[in-house]
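# Structural characterization, general
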Amino acid sequence: LVHRLDRDTTGLIVLAKNRTTAAALMTQFQGREVHKEYLLVCVGKLSPQAGGIIDQPLLKRGPVAVVSPQGDPAQT
């Protein structure tokens with residue numbers, strides 16, 4: 001096991017096939033040299049006026065987050 005990516009959202013993990021590769025990857029993650037890209041899957045249509053930006057407060061409820069006025073600010 002090299003790294004857990006965004007445990008709170010996806011739970012995706014990075015594994016290495018050998019110790020040499022694991023050490024190199026760990027160094028890159030620790031040095032913040034890894035570039036992460038995210039793909040958003042949206043049900044429905046985004047408002048053209050919003051320019052593709054979703055700006056809603058999110059409240060964590062167990063394994064999911066819901067839009068709520070009591071939530072933390074979030075922009076995607």
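Here's what I pulled together on the structure shown here. (Residues numbered from 1 in each chain as written. Predicted model: local features only at pLDDT ≥ 70, side-chain atom pairs only at ≥ 80, totals over all residues. Heavy atoms only, no water.)

## Structural notes on the overall build of the protein chain
- A tally of regular secondary structure across the protein chain gives one helix and four strands.
- Seen in sequence order, the protein chain has helices and strands lined up from the N terminus as β-β-α-β-β.
- Counting the 76 residues in the protein chain, one finds 9% classified as buried.
- Put simply, of all contacts in the protein chain between residues at least 6 apart along the chain, 18% involve residues at least 24 apart.
- For the protein chain, the accessible area works out to roughly 6800 Å², and carbon and sulfur atoms hold 55% of it. (Helix = DSSP H or I, 4+ residues; strand = E, 2+ residues; numbered from the N terminus. Buried < 20%, exposed > 50% of the residue type's maximum accessible area, 1.4 Å probe, protein only. Contact = heavy atoms within 4.5 Å. Areas by Shrake-Rupley, 256 points an atom, 1.4 Å probe, with all protein chains shown as cover.)

## Topic: the environment of Met26
- Residue placement: Met26 occurs in helix H1 (residues 19–30).
- Met26 sits in the partly exposed class, given a relative accessible area of 32%.
- A C-alpha to C-alpha distance of 9.9 Å links Met26 and Val14, two positions 12 residues apart in sequence.
- Setting aside its immediate chain neighbours within four residues, Met26 contacts Leu1 and Val2.

## Quick look at the pairing of strand E3 (residues 58–61)
- Looking at chain direction, E3 and strand E4 (residues 64–67) are connected through four bridges and run antiparallel. Bridged to Arg61 within E4 is Val64.
- Between E3 and the antiparallel strand that follows it, E4, lie two residues; Gly62 among them carries a positive phi value of about 65°. (Pairing = 2+ DSSP bridges.)

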